[in-house]
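# Structural overview for review
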Amino acid sequence: MAHLTAESRQRINDIAARYPEKRSALLPALYVAQEQDGIVTDEAIIDIAELLEATPAYVKGVASFYTMYYRYSVGKYILQVCGTLSCELCGSGQLVNHLEERLGIKEGETTPDGRFTFETVECLGACGGAPVMLLGDKYYEKLTIKQLDAIIDDLRFKPASDHPEPPQLVPFEDKPAGAKST
Amino acid sequence: MSDLVTLTIDGQQIQTAPNTLLVEAAAQLGILVPVYCYHPKLAPIGACRMCLVEIEGMPKLTPSCTTPVKEGMVVHTQNARVEKARRGMLEFLLIHHPLDCPVCDKGGECPLQDYTYEFGPRKTRFRYPKRHWDKPLQIGKNILLDRERCIMCLRCVRFCEEISDHQQIGVFERGHSQCIGTVPGHSFDSQFSGNTIELCPVGALTGAPTRFFGRTWEIQHTPSICTGCAAGCNIRIDHRQQRDVVRLWSRENKHTDDGWLCDRGRFGYEFVNQDRLKDFKILQDGQLVDATTQQATVKAASILSKHANSGSLGVLASPILTNEELYAVEWLTRSVLQTSSIDHTASAVNPQAVQLHSVVREAGFRSGVLTDIDEAAQIVTIGVDLSNDQPITELRVKKALFQRKAQLVSLYPETIELGRYTEHNLIYEPGQEASVVASLAAAVRSGGGEGVVGQAARLLSSEAPKAVIVGWKLQGLSDFSALAKALGELASALGPDVPCITIYPNCNTRGALDLGITPGWLPGGVAATGSSESGMTGIQILEAARDGRLKALWVVGAEPLLEADPELVKAALANVEFIYQGWSLRDVPVDPDVVLANVTFAEQAGTFTNTDGRVQRIYPAVKPHGRSRPGWQIVADLGRALGKTWEATSDQEVFEQIRQAVPAYSQIKWSEVGTLGVQSGASAPPAMAGATG
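Residues numbered from 1 in each chain as written. Chains lettered and ligands numbered in written order. Predicted model: local features only at pLDDT ≥ 70, side-chain atom pairs only at ≥ 80, totals over all residues. Heavy atoms only, no water.

Once that is clear, we can look at the interface of chain B and chain A. Of the residues lining the interface, 18 residues belong to chain B; the matching set on chain A comes to 22 residues. Taken over both partners, the interface formed by chain B and chain A buries close to 1600 Å², and the fraction arising from carbon and sulfur atoms is 57%. The three residues of chain B that bury the most area against chain A are B:Gln167, B:Glu173 and B:Arg174, which together make up 37% of that side's buried surface. In this structure, the connection of chain B to chain A is made through 0 salt bridges. Looking at side-chain class alone, the side of chain B that touches chain A contains 6 nonpolar, 7 polar and 5 charged residues. (Contact = heavy atoms within 4.5 Å. Buried area = accessible area lost by both parts, 1.4 Å probe. Salt bridge = Lys/Arg side-chain N within 4 Å of Asp/Glu carboxyl O. Nonpolar A, V, L, I, M, F, W, Y, C, P; charged D, E, K, R; others polar.)

Below, the structure written as C-alpha cells:
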C-alpha cells in the first residue's frame, strides 16, 4: 500500500493511450490502484494525477465521490447485498440479517480477521434474479441463505496463503467526526 | 437590435438579449433573486438551488441561474411557492451551518446571513447533532477553510478550474459528507487563491493574513490602486477608522484587473501598517534623532543646495510613488537643482530601451492596451513571464485561451506557466532575443519553416487578430538595437495595426517614464538635450557615489535600492551625504543624514499610470502616520527652502501642471479620471471599442 508499482503505472498508461485526453482514463486507473492495494491510497491518487495530467485534488474528488472506490480499509472479500425494492421484496433483508449474525458484524463493517466486508448497495440492475449479491465481479442471483452459507464457508476456509494481511486502517483526517465509514 | 427576447417577470415586461439567464434578466429589472452558486464570471452550475423561480407552464420550480430567457416566458420570483422553496433551501443550507456569525469574518457582509434574515425560516426543525469538522484548516499559505460554514456552492473550485486553472482544491466525498479540501502535500498555494475568499458567499474561506480583521460594519472602504505590479489593478482599501489597513478587496475595472487580484497584491499591504516612519529625523553624533519638519527640511535643503548645479548630486525616485510626487521630484531636480542624474530604477537598462512602449511603437506596432488581449485570437509574449511579471494579465491571457480558444506563442528563456497551453514555446538562450525574434519574423514572412519557429510562424501568418506582449526584461539587453530592428521586422511581418502591450515592473514605472524620472528623458517623453543629456542612470549613480564622484544622494522611496547589489548600495550610501525620503527605514541599510517622512499610497490622493498608460486615481484611505506627508508637499517645502515656489497646493493642481507638461496627459480631465481611470493619449487606441468584461 503505497505508491503505484511499475506494473500498475504501465497498465494505467496503456488505458490512457486509448483516449484523446489522458484524464478520461481516470475511473479505470482508480480501479488499477484499488486492485493493487485493496483501497485507493492518497499516494496512488497523487501518482494517478501525475500520470493522467490532472491535479491530485481533482483525482481525489472523483475517487471519493464514487462508492465503489474504497478509501478506508476493507476486507479481502466484499459482499454487496442489493437492498433495493425488488431484492428487498424477495428477501434480501433476511440475507442481511443472516450475514450480520454469521459474520458478527454490522452492515458496512469488516470482520476482525480482515477477510469479509459486507454492505448493502443500491440496485445492482439484476432485479430478475432478486435477491442478488455481488462478490467481486460475480453476481449471485436468487440467493438463498443456504447458498450464502456455502459461499462464506468456501471463502472462510480458503488457505492462509491466499489470505493477505488485512490492509491497515488509513487515517483520513478529512473525515467528519461521527461520519459513517464507507 | 431586433433579436431581443421579450418576457415577463413579476408582471413587468422586459426585452433582453437571447441567452441571458433569468437571474440576470431579473437583475436588469431590479428584482433580487437570491443566489449563492451563480457568479457572472463563472459558468452556470445550479448547485445551490437558492434561485428557484416559477415559470408558468413548467411543472416544477426552475433554477433561474441556469435557465436562459425565452420569448413569452412568464416568470414569478416572489409568490408563495417560490418563497416556500427559498425558506426550505435555507433550512437545508443551515442544517449543518454552525451559525457562528458573531466570530465569523464574513458576518455583516454574508449573503447567507442576509438571505436568512430576508427569506429564511426563523428557527430550525433539525433535532439531531450537527456535523462537525476540524476547523479552521489552513489549506494554503493565505487561505483558511471552515467546512462547517460551507454551503457547497463550488464557486472556489470553479474559479480554480475555469479561471486560474490551478485545481488545487476539489470537492470530496458525497452527500452529507461532501466537502471542499486539498490533498495532503499539495496545498492551495495558487497565486490567485485570495480571489476565492471574495467569491465565497459564506465564511468558509477566509484569508489567513486577514483573519479576524474586524467586524465588517466597522470597516470603511476607499477606492485605490494596487501597487504590487504595473497592471494597476483597482482595489478597495478596507480600513478601520482611517487607522490601519485591514484588507484589500477587488474593485472591478475591465481595463486593468477584470475583477480579480493576485495574492501578491491582495496581501501585500503590510508595508502600510508596519515599520513606518512617523517623524522627520536628522543624524546627530551618529544617531538618528527626531526633528521637526522644518529642521529636517532646512537641513535637507542645505545639502541639496550645496550640491546643486555641480553634477555631484544623484536622485533616485521610486516607481511606486504617485505621478504628483514624481513630478515634484523631477521639478526640484532638474529645474531647481540643475541636476540631470535622476532615475527610477537601479537595474541595468539599456538607454535605447528605456521608453520601451515608444520603442515598440516606433517598431511599427500599435500601442496596445490590456483589453487588446480580449480581442486577440493569437497572442505573442516576448521576454515576459506573466506569472511573475504581471499575474493579473496572465489571467486575462488565460481567459483568452480558455474561453475563446486563442492561441499563444511564447518567447522566453524558460518554460513559463502559460507555456502549458501552447506547443509554440520558443525557448532561447538569454542574449539570443534579437535573433529569435528576427527568425520568427522571417519565418512569418515566408509563411513557415522548420521546427518550433516554423510552426509558430505558420500559425501567425493567418489573418487572425493578434496581440503582442513584451516585457521589461528586454530593456536590460546590452545590444538592444538588434532587438529593436527584429521587433520592427516582426511588426511588419504580422501586418498593420497589431497592438503591442508593454509590461513594466512597478505600479508607476510608466508614470516615472512619462514624467522624466530617467536620465536623458524630460517629462512628456522628450529626449533631453544639452547639459541634461549627460545624466547618470540609477546604477551609475550608485557606483559614482561609491567611488566618490557624487557627493550627495537624494533617495525617494527605497525600491531602487532593492534592485542593486546590496554591497554596492551600502558602500554608496555610506560614502555620500544621504537624504532619504520614504515611509520606512526597513530597506535602508545606512543611516541617512536626513530622513523625510513620506506617506504611502494609502494615505494620499494622486494618480498612477499603469503599464499600458492608463491614468488612475488613488484616494486617501488612512490618516498619515505621525508627521509624514505626501511627497510633493515635502518637495514643495524643499523648494521653498531653496527659494523656489512650487505653485500647486493640491493634488489636482499638481495634476494640472502634469497635464501641461506631458502631452499624452493633456486630454485627461481630472473630473473624468474618477475611480476607473482614463487612458493617456499617447497610447490610446484609435477607438476605445467596448472591451469584453
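Residues and elements named next belong to chain B. One open sheet accounts for 5 strands, arranged β2-β1-β5-β3-β4; its pairing is mixed. Edge positions in the sheet fall to β2 (12-16) and β4 (62-63), since each has one partner strand and no second. Note that strand β1 (residues 5-9) and strand β5 (residues 74-76) share 2 bridges and pair parallel. Bridge assignment links Ile9 to a residue of β5, and that residue is Val75. Along the sheet, helix α2 (residues 80-94) makes contact with β3 (52-55) and β5, crossing β3 at roughly 160°. (Pairing = 2+ DSSP bridges. Helix = DSSP H or I, 4+ residues; strand = E, 2+ residues; numbered from the N terminus. Axes fitted to C-alpha atoms, helices over the stretch in contact; angles between N-to-C directions.)

To continue, consider the packing of helix α18 (residues 538-546) of chain B against helix α20 (residues 566-574) of chain B. Residue and element names in this part refer to chain B. At a minimum axis distance of 7 Å, the contact between α18 and α20 shows a crossing angle of 55°. Comparing the axis directions of α18 and α20 gives the class oblique. Handedness of the α18/α20 crossing: left-handed. Residues Ile539, Leu542, Glu543, Ala545 and Arg546 of α18 touch α20, and the partners they reach there are Leu568, Val569, Ala571 and Ala572. Tallied by class, the residues present in the contact of α18 with α20 amount to 7 nonpolar, no polar and 2 charged. (Parallel < 35°, antiparallel > 145°, perpendicular 65-115°, else oblique. Left-handed = near helix turned anticlockwise from the far one by under 90°.)

Turning our eyes to something else, we now look at the domain arrangement of chain B. Residue and element names in this part refer to chain B. Domain parsing of chain B yields domain 1 (5-78), domain 2 (101-207), domain 3 (280-349 + 508-682) and domain 4 (356-503). Between the C-alpha centres of domain 3 and domain 4 the distance comes to 34 Å. On the domain 4 side, the residues contacting the 10 residues of domain 3 number 11 residues. Both sides together, the interface formed by domain 3 and domain 4 hides about 770 Å², and carbon and sulfur atoms give 53% of it. Between domain 3 and domain 4 we count 0 salt bridges in total. Applying the counting rule to domain 3 against domain 4 returns 3 residue pairs in polar contact (both at pLDDT 80 or more). The residue makeup of the side of domain 3 that touches domain 4, split by class, is 4 nonpolar, 3 polar and 3 charged. (Domains from an automatic or database assignment. Polar contact = N/O pair within 3.5 Å; in protein donor to acceptor, adjacent residues only side chain to side chain.)

Here we come to the confidence of the model for chain A. For chain A, per-residue confidence averages 85 on the pLDDT scale, and residues scoring 70 or more make up 85% of the total. Low pLDDT, under 50, characterises residues 163-182 of chain A; the predicted model gives this stretch 35 contacts beyond four residues in sequence or across chains. (pLDDT = per-residue confidence, 0-100.)

Our focus in this paragraph is the sheet that holds strand β3 (residues 133-135) of chain A. Residue and element names in this part refer to chain A. The mixed open sheet is built from 4 strands, whose spatial order is β2-β1-β3-β4. Looking at strand neighbours, the two that pair on one side only are β2 (116-121) and β4 (138-140), the edges of this open sheet. Direction aside, the axes of adjacent strands within the sheet are offset by 25° on average. Sheet strands in contact with helix α6 (residues 92-103) are β1 (77-82) and β2, and its direction is about 150° off that of β1. Its contacts with the sheet put helix α7 (residues 145-156) on β1, β2, β3 and β4, and the angle it makes with β3 is roughly 15°.

Attention shifts here to the domain arrangement of chain A. According to the domain assignment, chain A contains domain 1 (6-65) and domain 2 (77-162). A separation of 29 Å is found between the C-alpha centroids of domain 1 of chain A and domain 2 of chain A.

Across all of its chains, the model carries 15 aromatic pairs over all chains by this definition. Between A:Tyr77 and A:Phe116, the ring centres sit 5.9 Å apart and the planes meet at 40°, which makes this aromatic pair tilted. Highlighted residues: A:Tyr77 in strand β1 and A:Phe116 in strand β2, separated in sequence by 39 residues. Judged by relative accessible area, which is 11%, A:Tyr77 ranks as buried. On the basis of an interplanar angle of 50° and a centroid distance of 6.0 Å, the ring pair of B:Tyr327 and B:Trp646 is categorised as tilted. Of this pair, B:Tyr327 sits in helix α9 (residues 323-336) while B:Trp646 sits in the loop between α21 (631-641) and α22 (651-661); the two residues are 319 residues apart in sequence, bridging distant segments of the chain. Note on accessibility: B:Tyr327 and B:Trp646 belong to one class, buried. The structure contains a cluster of three or more aromatic residues connected by ring pairs, namely A:Tyr31, A:Phe65, A:Tyr66 and A:Tyr69. (Phe/Tyr/Trp six-rings, centres within 6.5 Å; stacked < 30°, edge-to-face > 60°. Buried < 20%, exposed > 50% of the residue type's maximum accessible area, 1.4 Å probe, protein only.)

To continue, consider the pairing of strand β14 (residues 280-284) of chain B. Residue and element names in this part refer to chain B. In this sheet, strand β15 (residues 287-291) lies alongside β14 in antiparallel orientation, the contact comprising 5 bridges. The partner of Phe280 across the bridge, within β15, is Ala291. In this antiparallel pair of consecutive strands, β14 and β15, the connection spans 2 residues, and Asp285 shows a positive phi of 50°. Summarising the sheet, β14 and strand β28 (residues 594-597) pair through 2 bridges and their orientation is antiparallel. Each residue of the ladder has a partner; that of Ile282, found in β28, is Val594.

Each pair of packed helices can be summarised by the angle the axes make with each other and by the distance between the axes. Residues and elements named next belong to chain B. Helix α16 (residues 480-494) packs onto helix α14 (residues 433-446) with a crossing angle of 20° between their chain directions and a minimal axis gap of 8 Å. Considered as vectors, α14 and α16 are oriented roughly parallel to each other. Crossing handedness for the pair α14 and α16: left-handed. Of the residues in α16, those touching α14 at Glu433, Ala434, Val437, Ala438, Leu440, Ala441, Val444 and Arg445 are Ala482, Leu483, Ala486, Leu487, Glu489, Leu490, Ser492, Ala493 and Leu494. Residue composition of the contact of α14 with α16, grouped by class: 13 nonpolar, 1 polar and 3 charged.

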